[in-house]
Number of protein chains: 2
Amino acid sequence: MPTTSIMNLPDDAVTQVKEYLLDLQHRICQSLEQLDGGSQFIEDSWIRPQGGGGKSRVLAKGKIFAKAGVNFSHVFGNALPGSASQHRPELAGRSFQALGVSLVIHPENPYVPTSHANVRFFIAEKDGEPPVWWFGGGFDLTPYYGFKEDCQHWHQTAKAACDPFGESIYPHFKDWCDRYFFIKHRQEARGVGGLFFDDYNEGGFEQAFGLMQSIGNHFIKGYAPIVEKRKSIDYGAREKAFQRYRRGRYVEFNLIYDRGTLFGLQSDGRTESILMSLPPEVEWHYNWHPEPNTPESLLYTDFLPIRNWL
Amino acid sequence: MPTTSIMNLPDDAVTQVKEYLLDLQHRICQSLEQLDGGSQFIEDSWIRPQGGGGKSRVLAKGKIFAKAGVNFSHVFGNALPGSASQHRPELAGRSFQALGVSLVIHPENPYVPTSHANVRFFIAEKDGEPPVWWFGGGFDLTPYYGFKEDCQHWHQTAKAACDPFGESIYPHFKDWCDRYFFIKHRQEARGVGGLFFDDYNEGGFEQAFGLMQSIGNHFIKGYAPIVEKRKSIDYGAREKAFQRYRRGRYVEFNLIYDRGTLFGLQSDGRTESILMSLPPEVEWHYNWHPEPNTPESLLYTDFLPIRNWL
């Protein structure tokens, strides 16, 4: 008689995750609409011809948010793309299901940081073998003009999301985030980090799903107070120009390195939903660097270098 | 007694190619300065710590050109990066030299198309084996508001560059260009094409080098008359907004697909020189499409679909 493995999936695993993700998308959009106080999300449902589909929600030209996209997707297919399984080449080509919520928020005011969050669940299946499954995700913050107390609040929230599942998790996922959101060709962090995890199934489905939920639920607790605190700071053309310039880094990271973006494009996801993470207005200037001892140079000296914020 | 193989390289192959490329860079920059009639190129020489270096020339905020970058580089290293040898995996890891001129020109006036050209020479070496070498390059045109006669002139010039080397070359390189500059995730061409070739050593060094020179020399003959013809057309906020939006496609192509960009970043080239191909001002708008029967929709219906322009 076979014993029940801790790695077994409950029969309704996909249903459970899907319900959680749709609810999370709903709650985050509600919070963002309240924060914005002006615009509403519009919703587009889409079907992926090869299997699955999604629900994209976008708020554009709000009072606070220049562009906020909160995507739900559930896709499946016959062959797992390389970007999903690059650390486990033995899984490439398996049939798969992937469910996730992914969001990127680009505020109008350069004193309010851009933020990103993602939670996802993968199952890779093969006839005659038990399914391989894992969770992944995290959230990270990308300020233009940094505030130390905001970074501390962000990382305290990240730690609070992880601590119920073991005190070693926050430092582990924090380091992973610092390594993942690193723009190699610039030798520069994308922002001040947060959490990143992948290939996670520790303790079995309930435990791992619980951790993913905790991280998803803590995103708004981390972000909303920062938006409230910074949304009314005055700014002018100089700060907007710096914001547009720095958003170029966001584009570079997402199109060159980001696993979610590449997975989406490689798996023939809906392009407009995948690329809604790109900022609305961006500038590139050849060999531009901030003058030393300016508010702009502080980002490079005091915020982007990787450090322990707690 | 061994016979001389047609694939042998002359002892001064690198010197010959380098002299040609530096002269080409000089001539193109001169022509662009004359066309612009306002700004001059600035020059940055750079050294690559792992071997080689380059000379970047950039003209920014000119009367005609918002940003024009014309790069020369000569890099060498111990292990050929994957992006350079993706169609010849047997060469990956060889020691290599790469010389090239690469340029991208982003005009201010949306009625003047963006253009790109590149010519390059690779040698991949391994102890005890003859060196493997090849030329590559081409040029292509990316209009925002298309003109049929400009596309015809561009392709006639491309054909004139190739015809002395065989009449099958233009259609071959034209098709290759259409396939290469295709934005898969948009199912859309980047522009109206031109020429693209790679891994080219037909007929031996002199013949292949001659073809590369002909293509390099024809770039300005193709582009300058189009700039002259369109530079004085009136435009307003609508045309600028469409130009910024369409430039987003250029960014997507260069950062996701372009072999030269990926080769540069993977071989630890100078980031500011590699990414000077990116447009100065760019916008992304979620799920934006031009209204039917507008000047903007004509780009999609009459210019981007791949066709024979001659």
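Quick notes on the rules
- Residues numbered from 1 in each chain as written.
- Chains lettered and ligands numbered in written order.
- Predicted model: local features only at pLDDT ≥ 70, side-chain atom pairs only at ≥ 80, totals over all residues.
- Heavy atoms only, no water.
- Least-squares fit on C-alpha atoms with pLDDT ≥ 70 in both.
- Pairing = 2+ DSSP bridges.
- Helix = DSSP H or I, 4+ residues; strand = E, 2+ residues; numbered from the N terminus.
- Phe/Tyr/Trp six-rings, centres within 6.5 Å; stacked < 30°, edge-to-face > 60°.
- Buried < 20%, exposed > 50% of the residue type's maximum accessible area, 1.4 Å probe, protein only.
- Contact = heavy atoms within 4.5 Å.
- Buried area = accessible area lost by both parts, 1.4 Å probe.
- Salt bridge = Lys/Arg side-chain N within 4 Å of Asp/Glu carboxyl O.
- Nonpolar A, V, L, I, M, F, W, Y, C, P; charged D, E, K, R; others polar.
- Lys, Arg positive; Asp, Glu negative; His and termini not counted.
- Expected span 1.5 Å × (residues − 1).
- Arc of directions from axis to C-beta.
- Axes fitted to C-alpha atoms, helices over the stretch in contact; angles between N-to-C directions.
- Parallel < 35°, antiparallel > 145°, perpendicular 65-115°, else oblique.
- Left-handed = near helix turned anticlockwise from the far one by under 90°.

Participant: Whenever I open this one, the relation of the copies chain A and chain B confuses me. Can you help?
Facilitator: Superposition of the two copies of the chain requires a rotation about an axis together with a shift along that axis. Of the transformation superimposing chain A on chain B, the axial component is 0.0 Å and the angular component is 180°, with the fit at an RMSD of 0.0 Å. Put plainly, the chains are arranged around a two-fold axis. Nearest to the rotation axis, the C-alpha of Val282(A) is located 2.6 Å from it, this being the minimum over chain A.

Participant: How do you make sense of the pairing of strand 2 (residues 52–60) of chain B when you look at a structure like this?
Facilitator: Along any regular strand, the residues point their side chains to alternate faces of the sheet. Residue and element names in this part refer to chain B. As defined by bridge partners, strand 1 (residues 42–47) adjoins strand 2 across six bridges and the pair is classed as antiparallel. Each bridged residue has a counterpart across the sheet, and for Glu-43 the counterpart in strand 2 is Arg-57. From the end of strand 1 to the start of strand 2, which pair antiparallel, there are four residues, and Gly-51 there has a positive phi angle of about 135°. Taken together, the nine bridges between strand 2 and strand 3 (residues 65–77) define a ladder with antiparallel strand orientation. Along strand 3, the bridge assignment pairs Lys-55 with Phe-72. Between strand 2 and strand 3, which pair antiparallel in sequence order, lie four residues; one of them, Lys-61, sits at a positive phi of approximately 55°.

Participant: Teacher, can you tell me more about the packing of aromatic side chains here?
Facilitator: Any pair of aromatic rings gets described here by the distance separating the centres and the angle formed by the planes. Residues and elements named next belong to chain B. Counting across every chain of the model gives 67 aromatic pairs over all chains. Centre to centre, the rings of Trp-154 and Tyr-223 are 6.5 Å apart; their planes meet at 80°, and the pair counts as edge-to-face. Here Tyr-223 lies in helix 4 (residues 205–230) and Trp-154 lies in helix 2 (residues 148–162), a separation of 69 residues in the sequence. No difference in accessibility class separates Trp-154 from Tyr-223, as the two residues are buried. Geometrically, the ring pair formed by Phe-197 and Tyr-200 is edge-to-face, given 5.9 Å between the ring centres and 85° between the ring planes.

Participant: How do you make sense of the interface of chain A and chain B when you look at a structure like this?
Facilitator: By a widely used convention, the size of an interface equals the accessible area lost when the partners come together. Contacts between chain A and chain B engage 31 residues on the former and 31 residues on the latter. Between chain A and chain B, roughly 2700 Å² of surface is buried when both sides are summed, and carbon and sulfur atoms account for 58% of that area. It is Glu272(A), Trp284(A) and Tyr286(A) in chain A that bury the most area against chain B; as a group they hold 30% of the surface buried on that side. Summed over the shared surface of chain A and chain B, the number is four salt bridges. Only strand 1 (42–47), strand 2 (52–60), helix 5 (237–256), helix 7 (271–274) and strand 10 (281–283) of chain A provide two or more residues apiece to the side of chain A that touches chain B. Looking at the side of chain A that touches chain B, the element that brings in the most residues is helix 5 of chain A, giving five residues. Along the lines of polarity and charge, the residues of the side of chain A that touches chain B split into 15 nonpolar, six polar and ten charged.

Participant: Would you explain the environment of Gly100(A) in this entry?
Facilitator: Residues and elements named next belong to chain A. Mapped onto the elements of the fold, Gly-100 is located in strand 4 (residues 95–107). Sequence-wise, Gly-100 and Val-17 are 83 residues apart; in three dimensions their C-alpha atoms are separated by 8.7 Å. Contacts of Gly-100, omitting those with residues within four sequence positions, involve Leu-21, Asn-71, Phe-72, Ser-73, Val-119 and Arg-120.

Participant: I keep staring at the side chain of Asp258(A) and nothing clicks. Help me out?
Facilitator: Residues and elements named next belong to chain A. Residue placement: Asp-258 occurs in the loop between helix 5 and helix 6 (259–266). Buried charge without a partner: Asp-258 forms no salt bridge, and the closest opposite charge is Arg-190, 5.6 Å away. Every residue in contact with Asp-258, bar those within four places of it in the chain, is listed here: Tyr-180 and Phe-253.

Participant: Help me understand unusual backbone geometry in this model?
Facilitator: Peptide bonds are mostly trans, and most non-glycine residues show a negative phi. Residues other than glycine seldom take positive phi values, yet Lys61(B) does so here, at roughly 55°. For Asp199(B), which is not a glycine, the phi torsion comes out positive at approximately 55°.

Participant: In this structure, what is going on with helix 2 (residues 148–162) of chain A? I would like to understand it.
Facilitator: Think of an α-helix as turning once every 3.6 residues; residues three or four places apart then point the same way. All names here are of chain A. The end-to-end C-alpha separation of helix 2 is 21 Å, in line with the 21 Å expected for 15 residues at 1.5 Å each. By the burial criterion, the buried members of helix 2 are Asp-150, Cys-151, Trp-154, His-155, Thr-157, Ala-158, Ala-161 and Cys-162. Viewed end-on, helix 2 has its buried residues packed into an arc of 150°, placing them on one side of the element. Those residues of helix 2 that are buried are in contact with strand 5 (114–126), strand 6 (129–142), helix 3 (169–180), strand 9 (193–200), helix 4 (205–230) and helix 8 (295–303).

Participant: Where do I start with the packing of helix 5 of chain A against helix 5 (residues 237–256) of chain B in this structure?
Facilitator: When two helices pack together, you describe them by how their axes are tilted relative to each other and by the distance separating the axes. The contact between helix 5 of chain A and helix 5 of chain B brings their axes to 9 Å, and the two run at 50°. Comparing the axis directions of helix 5 of chain A and helix 5 of chain B gives the class oblique. Handedness of the crossing formed by helix 5 of chain A with helix 5 of chain B: right-handed. Side by side, helix 5 of chain A and helix 5 of chain B meet where Val251(A), Glu252(A), Leu255(A) and Ile256(A) of the first sit next to Val251(B), Glu252(B), Leu255(B) and Ile256(B) of the second. Grouping the amino acids of the contact of helix 5 of chain A with helix 5 of chain B by side-chain chemistry returns six nonpolar, no polar and two charged.

Participant: So what exactly am I meant to see when it comes to the sheet that holds strand 6 of chain A here?
Facilitator: Backbone-to-backbone hydrogen bonds pair the strands of a sheet. The strands run either parallel or antiparallel. Residue and element names in this part refer to chain A. Reading across from one edge, 1-2-3-4-5-6-9 is the order of the seven strands in this open sheet, with antiparallel pairing throughout. Each edge of the open sheet carries a strand with a single partner, namely strand 1 and strand 9. Strand-to-strand twist in this sheet, taken as the mean axis angle between neighbours without regard to direction, amounts to 5°. Relative to the sheet, helix 2 contacts strand 5, strand 6 and strand 9, its axis offset from that of strand 9 by approximately 30°. Its contacts with the sheet place helix 4 against strand 3 (65–77), strand 4, strand 5, strand 6 and strand 9, and it is angled at close to 15° to strand 6.

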